[in-house]
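# Per-entry structural report
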Amino acid sequence: MFDIATQLFEGQDIRFGPIDYDNDPEVESKWTHNAEFMRLYAIEPARPISAAIVKKQYEKLEKRMEEERNFYHFMIRAKTDDHLIGKAMIARVEWTNGSGQIRIGIGSAEDRCKGYGTQAMKLLLRFAFAELNLFRVNADLPEYNEGAIALLKKFGFVEEVRRRQALERDGRRWDLLVFGLLKDEWQSQVSA
Amino acid sequence: MKDLFRGELVRLTAEEPELRAKEEARWARDTEFHRLADGDPAQLYSDKKIKEWIEKNVEEGFKPERYFFSIRALDDDKLIGFLGLWLNLIQSEVWVGIGIGEREYWGKGYGTDAMKLCVQYSFMELGAQRVSLGLHEYNPRALRSYEKAGFRLEGRTRQEMQREGRRYDVFWMGVLREEWMQRQNGEQP
């Protein structure tokens, strides 16, 4: 089981780290040129973003973390060579209700299907429930993101809301799903 | 053409910021109203601050994403509440927030009538594909009202809300353009 000494940011093959302004913008800019990734990662229209703008976005993001105190963001890195694998975050934390919204993205195709998403989810949920002391977390995603849905279900997330035809892509409308996980549900899972 | 701003019980108006601010400051003191209308912790702000927000909203109300109205009762012309629409231009989805601040007008169909106007406006003027809203489990009157205006419950985020030491679900509702059109034509969606 976990205790105070169990590291929050160290997984088996991955770790959570801060932004590396020298190296990350280049990598993330590359990801944004991959329309497939962008359409799985976000519901905003996919568009390529230059490294310079990515860098500016990082600055904005860190400012937001500092000022608003309801947003937590981590870079996912490989333990072997420290290369950037993806991003994990908890946004829109409501302290009075103990709720927050999670999101994980694995950027490049070579890093998918290696269990990194699962490891990142483990770290992120422990952070949400054992460090932020949230009561519940949710994840919003389009119905076509089957990989993410499988990952959420593996961790006991329940499909709670199906916002019918809320997203238009490829000439048709898709449902947007909201999955939720309560602290109790997470707790019984990690102690099992 | 339909009168978009006039229903059976209410009409949608634009008010002078000074008047809206005065009434809103009064409504904000009613914490039952606040808890029904809003998920954030109750707060008290001055008339001055509220007026500044309303003025800002009036300006932003002319952005293509944002539409703000006040609600007046037709019978006595009293200002009883507000209605705000946020249009996602890319997805053609409208998010709506409504509040009837005057308690004597609760449970009498005024809010429902305003919401019907809101849905009509979203589909007939804004070209929306769907209209969305959220409400709290402890507000069954709102649930019935939204159902009457054509919304369907699409799910509930379990125990997302905490008030008075108890947890409550948040309900999410939506109405689709085709559903609403069928209803207008007297068909069952």
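A word on the overall build of chain A. If you tally the helices and strands in chain A, you get six helices and seven strands. Along the chain direction, N to C, the helices and strands of chain A fall in the order β-α-α-α-β-β-β-α-β-α-β-β-α. Relative to its length of 192 residues, chain A is compact, with a C-alpha radius of gyration of 16 Å against a globular reference of 16 Å. A buried classification covers 33% of the 192 residues belonging to chain A. Intrachain contacts of chain A at a sequence separation of at least 6 include 58% that bridge at least 24 residues.

Mapped onto the secondary structure, Arg77 of chain A falls in strand β2 (residues 72–78). When residues no more than four places from it in sequence are discounted, the contact partners of Arg77 of chain A are Ile14, Arg15, Gly17, Asp82, His83, Leu84 and Ile85 of chain A.

What follows covers the pairing of strand β3 (residues 79–88) of chain B. It is a general feature of regular strands that their side chains alternate between the two faces of the sheet. All names here are of chain B. Alignment of strand β2 (residues 66–73) against β3, held across seven bridges, turns out to be antiparallel. Within the sheet, the bridge partner assigned to Arg66 lies in β3 and is Trp86. Linking β2 to β3, which pair antiparallel, is a turn of five residues; within it Asp77 sits at a positive phi near 60°.

We now examine unusual backbone geometry. Positive phi values are uncommon outside glycine, yet Asp82 of chain A reaches one of about 70°. Its location among the elements puts Asp82 of chain A in the loop between β2 and β3 (84–94). Here the phi dihedral of Glu164 of chain B falls at roughly 55°; this positive angle occurs in a residue that is not glycine. In this structure, Glu164 of chain B sits in the loop between β6 (152–163) and β7 (166–176). Judged by local crowding, Glu164 of chain B falls into the exposed class, with 7 C-beta atoms found within 10 Å.

As a further point, take the pairing of strand β1 (residues 10–13) of chain B. Residues and elements named next belong to chain B. Residues Val10 and Leu12 of β1 are buried on one face, while the alternating residues Arg11 and Thr13, pointing to the opposite face, are not. Bridge analysis of β1 against β2 gives four bridges, and the strand direction is antiparallel. Along β2, the bridge assignment pairs Arg11 with Arg72.

With that settled, the discussion passes to helix α3 (residues 47–60) of chain B. All names here are of chain B. With 14 residues, α3 extends 20 Å from end C-alpha to end C-alpha; this agrees with the ideal 20 Å at 1.5 Å per step. Listing the buried residues of α3 in full gives Ile50, Lys51 and Ile54. Down the axis, α3 shows its buried residues gathered within 100° of arc, on one side only. When the buried face of α3 is taken as reference, the exposed residues oriented beyond 90 degrees from it are Lys48, Lys49, Lys56, Glu59 and Glu60. Buried residues in α3 make contact with α1 (17–28).

This next bit is on the nonpolar core. Ile76, Ala120 and Leu124 of chain A together with Ala114 and Cys118 of chain B are the most contacted members of the largest nonpolar core, which has 79 residues in total. Every residue in contact with Leu124 of chain A, bar those within four places of it in the chain, is listed here: Ala88, Ile90, Ile102 and Ile104 of chain A.

A separate point is the interface of chain A and chain B. Opposite the 21 residues of chain A that make contact, chain B presents 19 residues. Of all the elements in the fold, those that place two or more residues in the side of chain A that touches chain B are β5 (136–142), β6 (158–169) and β7 (172–182) of chain A. Take the side of chain A that touches chain B: its biggest share by element is nine residues, from β6 of chain A. Class assignment of the residues belonging to the side of chain A that touches chain B gives a composition of seven nonpolar, seven polar and seven charged.

Moving on, we get to the environment of Tyr67 of chain B. Residues and elements named next belong to chain B. Topologically, Tyr67 is positioned in strand β2. The spatial distance from the C-alpha of Tyr67 to the C-alpha of Leu126 is 9.9 Å, given a sequence separation of 59 residues. In this view, Tyr67 contacts Gly61 and Leu85; residues no more than four positions away in its chain are not counted.

All names here are of chain A. For helix α1 (residues 24–32), the full list of buried residues reads Asp24, Pro25, Glu28, Trp31 and Thr32. Looking down the long axis of α1, one finds its buried residues gathered within 120° of arc, a one-sided arrangement. Looking at the buried residues of α1, the elements they touch are α2 (35–41), α3 (51–68), β2 and β3.

How each quantity is defined
- Within every chain, residues take consecutive numbers counted from 1 along the sequence as written.
- Starting at A for chains and at 1 for ligands, labels are handed out in the order in which the entities are written.
- With the structure being a predicted model, the display of local features is reserved for residues of pLDDT at least 70 and the display and counting of side-chain atom pairs for 80 or more, all residues being used for whole-chain, interface and lining totals.
- Every helix listed is a DSSP run of H or I at least four residues long, and every strand listed is a run of E at least two residues long, numbered separately from the N terminus.
- Computation of the radius of gyration draws on C-alpha atoms alone. For the globule rule, the value is 2.2 Å times the number of residues to the power 0.38.
- Exposure is read from a count of other C-beta atoms within 10 Å of each residue's own; the residue is exposed at 12 or fewer, buried at 20 or more and partly exposed in between. C-beta atoms are placed from the backbone.
- A pair of residues counts as a contact when their C-beta atoms, built from backbone coordinates, are separated by no more than 7 Å.
- DSSP-based pairing: two strands are paired if at least 2 bridges between them are found.
- By definition here, a helix of n residues has an expected span of 1.5 Å times n minus one.
- Taken from the helix axis, the directions to the C-beta atoms give the arc we talk about.
- To define a nonpolar core, we join buried Ala, Val, Leu, Ile, Met, Phe, Trp, Tyr and Cys residues through C-beta atoms within 7 Å and take the resulting set.
- Each residue gets one of three labels, nonpolar for Ala, Val, Leu, Ile, Met, Phe, Trp, Tyr, Cys and Pro, charged for Asp, Glu, Lys and Arg, and polar for the others, Gly among them.

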